[in-house]
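Geometric and topological summary
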Amino acid sequence: MALLSISDLTVDYRRAGRTIRAADGVSFDIESGSVVGLVGESGSGKSTLALAMMGLLPANGAVTGGSIRFDGAEMTGLDEAQWRSVRGRRMGMVFQGAMNSLNPVRRVLDQVAEPIRTHDSSIDKAKASDQARGLLSLVGIPADRHKAYPYEYSGGMRQRAGIAMALSGGPALLIADEPVTALDVIVQARILRLLEDLREALDLTILFITHDLGVVARLCDRVVVLYAARAVEEGTVEEIYGHPKHPYTRALLQSVPNFARGRGESRGIPGTPPSLVSPPSGCRFHPRCPDAMEICATRSPGWTRFSGEQVATCHLYGEEGLSNG
Ligand code: ATP
Ligand code: SF4
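Residues numbered from 1 in each chain as written. Chains lettered and ligands numbered in written order. Predicted model: local features only at pLDDT ≥ 70, side-chain atom pairs only at ≥ 80, totals over all residues. Heavy atoms only, no water.

Remarks on the overall build of the chain
Condition: Comment: elements are numbered from the N terminus, with helices defined as DSSP H or I runs of at least four residues and strands as E runs of at least two. As a reference, a globule follows 2.2 Å times the number of residues to the power 0.38, and the radius of gyration itself is taken over C-alpha atoms. Think of it in three bands: residues with accessible area under 20% of the maximum for their type are buried, residues over 50% are exposed, and the middle band is partly exposed, with areas taken using a 1.4 Å probe on protein chains only. Whether two residues touch is decided by their heavy atoms; if any such pair falls within 4.5 Å, the residues are in contact.
Scanning the chain from terminus to terminus reveals ten helices and twelve strands. Taking 20 Å as the expected radius of gyration for a compact globule of 325 residues, we find that the chain reaches 20 Å, a close match to that expectation. For the C-alpha atoms alone, the extent of the chain along its principal axes is close to 65 × 45 × 40 Å. Expressed as a percentage of its 325 residues, the buried residues of the chain come to 50%. In the chain, of all internal contacts separated by at least 6 residues, the share reaching a separation of at least 24 is 61%.

Things to note about the layout of surface pockets
Formally: Any residue with an atom within 4 Å of a point lines the site, the site being either a cavity, points on a 1 Å grid over the protein atoms alone where a 1.4 Å probe fits but cannot get out, or a pocket, an open set with protein on both sides within 12 Å along at least 5 of 7 lines. Grid points are joined across faces, edges and corners, and a volume is the space filled by probe spheres set on the points. Under the scheme applied, nonpolar residues are Ala, Val, Leu, Ile, Met, Phe, Trp, Tyr, Cys and Pro; charged residues are Asp, Glu, Lys and Arg; polar residues are all the others, including Gly.
Taken as a whole, the largest pocket encloses approximately 600 Å³ of empty space. As for the largest pocket, its lining consists of 24 residues, of which Gly88, Pro115, His119, Met165 and Ala166 are closest to the centre. Those elements that place two or more of their residues in the lining of the largest pocket are strand 6 (91-95), helix 3 (108-119) and helix 5 (155-166). With five residues, the single largest contributor to the lining of the largest pocket is helix 3. Taken together, the residues of the lining of the largest pocket break down into ten nonpolar, nine polar and five charged.

Considering the site of ligand 1
Keep this limit in mind: Proximity is defined per residue: if any heavy atom of the residue lies within 4 Å of a molecule or strand, that residue is considered near it. Here a polar contact is taken to be a pair of N or O atoms separated by no more than 3.5 Å, where protein atoms must pair a possible hydrogen donor with a possible acceptor and residues adjacent in sequence count only if both atoms sit in side chains. Here the Shrake-Rupley method, with its probe set to 1.4 Å, supplies the accessible areas, and only the displayed protein chains count as covering residues.
Around ligand 1 there are 15 residues in total, and Ser42, Gly43, Lys46, Ser47 and Thr48 lie nearest to it. Take Arg15: an N or O atom from its side chain is 3.2 Å from a nitrogen atom of ligand 1. At 2.8 Å from an oxygen atom of ligand 1 is found a main-chain nitrogen or oxygen belonging to Ser47. For ligand 1, whose accessible area on its own is 630 Å², the fraction buried by protein is 71%. Mapped by element, the contributors of at least two residues to the shell around ligand 1 are strand 1 (2-15), strand 2 (18-31) and helix 1 (46-54). At three residues, helix 1 tops the list of elements feeding residues into the shell around ligand 1. Of the residues contributing to the shell around ligand 1, the split by class is five nonpolar, seven polar and three charged.

Some remarks on the sheet that holds strand 3 (residues 35-39)
The condition is simple: Note on pairing: two strands pair once DSSP finds at least 2 bridges between them. Angles run from 0 to 180 degrees between N-to-C directions of axes, and those axes are lines fitted to C-alpha atoms, restricted for helices to the stretch in contact.
As summarised here, the arrangement of the eight strands in space is 6-7-8-3-9-10-12-11, forming an open sheet in which the pairing is mixed. Since the sheet does not close on itself, it has two edges, and those belong to strand 6 and strand 11 (303-305), each with one partner. For this sheet the average axis-to-axis angle between neighbouring strands, irrespective of direction, equals 20°. Note that strand 3 and strand 9 (residues 222-227) share four bridges and pair parallel. Bridge assignment links Leu38 to a residue of strand 9, and that residue is Val224.

Some remarks on the packing of helix 3 against helix 5
Basically, it comes down to this: We call two directions roughly parallel when the angle between them is under 35 degrees, roughly antiparallel when it is over 145, roughly perpendicular when it lies between 65 and 115, and oblique otherwise. By convention, the crossing between two helices is left-handed when the near helix turns anticlockwise from the far helix through less than a right angle, and right-handed when the turn is clockwise.
Closest axis-to-axis distance for the helix 3/helix 5 pair is 8 Å, and the angle between their directions is 20°. Between helix 3 and helix 5, the angle falls in the class roughly parallel. As for how helix 3 packs across helix 5, the hand of that crossing is right-handed. Contact residues: Val108, Gln111 and Val112 in helix 3; Ala161, Ala164 and Met165 in helix 5. The class makeup of the residues in the contact of helix 3 with helix 5 is five nonpolar, one polar and no charged.

Remarks on the site of ligand 2
Counted only if it meets this: A molecule is said to be in a cavity or pocket once over half of its atoms fall within 2 Å of that pocket's grid points.
With respect to spatial proximity, the complete set of residues near ligand 2 consists of His246, Pro247, Cys283, His286, Cys289, Asp291, Ala292, Cys296, Pro301, Cys314, His315 and Leu316. Under a 2 Å grid-point criterion requiring more than half of the atoms, the pocket assigned to ligand 2 is the second largest cavity.

Some details on empty space enclosed by the protein
Sizing a probe to match a water molecule and rolling it over the atoms shows the empty space that remains. If you walk through the whole model with that rule in mind, you get two cavities of 30 Å³ or more. Taken as a whole, the second largest cavity holds about 70 Å³ of empty space. If you trace the second largest cavity, you find 13 residues lining it, with Cys283, Cys289, Cys296, Cys314 and His315 closest to the centre. Residue composition of the lining of the second largest cavity, by class: nine nonpolar, three polar and one charged.

Quick word on the nonpolar core
Note the following rule: Think of a nonpolar core as a cluster: buried Ala, Val, Leu, Ile, Met, Phe, Trp, Tyr and Cys residues, connected wherever their side-chain atoms sit within 4.5 Å.
Ranked by size, the top nonpolar core spans 61 residues in total, and within it Ile163, Phe208, Leu213 and Val223 carry the most contacts. In terms of residues, this core owes the most to one element, helix 6 (residues 185-202), which gives six residues. Sequence-distant contacts of Ile163, defined by excluding residues within four places in its chain, comprise Val94, Val139, Ile191, Leu194, Leu195 and Leu198. Residues Ala23, Leu38, Ala50 and Leu226 belong to the second largest nonpolar core, which totals 36 residues.

Let's talk about the side chain of Ser34
Of note, Ser34 is situated in the loop between strand 2 and strand 3. Given the relative accessible area of 9%, Ser34 is considered buried. Polar side-chain contacts of Ser34 include one of 2.7 Å to the backbone oxygen of Glu31. When near neighbours in sequence (up to four residues on either side) are disregarded, Ser34 contacts Arg199, Leu204, Thr205, Ile206 and Asp221.

Let's talk about the pairing of strand 2
Bridge analysis of strand 1 against strand 2 gives eleven bridges, and the strand direction is antiparallel. By the bridge assignment, Arg15 is partnered in strand 2 with Arg18.

Spelled out as structure tokens, the structure:
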């Protein structure tokens, strides 16, 4: 069963009298117990989706269409008090900057214990502290470092503490937005292993957001590829890595050194992501697509369903069924 279901979701920002549509009819499900990777270049709308799912859009941003269903309940339209009963409890979030958002003058143990009491006022201070110790140990921080200050931690340890804080409400869904991007490769691998272990130990469902397709291969079951505020391809990790259908997914994979090795040089994607104030007509990838045809500049492709669970939106494959706005 889907723990989270995003359907035809549209999110707009207003800035200087203009509208930026940062999510444009995005749909995908996250099944309970699965790990889904949401992948796309900078500015494709990944963080916007995460913020919308947590009810954390800034004041100039709003969900203007579609639905977000979490655990069977509609989330769009909740007020702040209702969001607070979900956020941090049923949904936890780890940010790229989580390791920098720890308060430098408070001990880590106290910072992890605090949200435990916020989520459940019946828990006294000593019990919250015990639970915080349990969480810090679970994320691999040795007991003799629990009471240290954040500046006494390495970047990897601070990210572990950020994960412990995100777990403090016992969430069913963990949204991890670029959680390893600021870390070096070895620490990245350790944090990814930690997330894998936590998934098993806590039966977590995870939405893992990254610009790097290389990172999701190991952790995720499914991948949703986002381009210029729209989903363009979705499938299992095996499908997306084994036989990517959308030219943008292929280009993203070509930019991953380990994947590209043996299949030609690793290379970046030519051109730059489009402005979302006035995105390209038709298929938004057409100005950068090596396979673009005449129709691509004028008509948005519909979805094509392939064998297995893979779907993509591209004129190369004709159209069957689902529409893409
Ligand atoms: P990155 O990986 O760089 O964080 P992203 O894929 O997460 O990128 P978003 O941060 O969601 O993308 O941004 C999507 C679009 O929305 C971009 O065009 C961005 O400039 C715009 N945007 C994001 N936040 C705001 C805001 N508060 N006000 C106006 N526009 C915004
Ligand atoms: Fe390329 Fe056309 Fe497919 Fe878009 S629809 S990805 S431009 S071939």
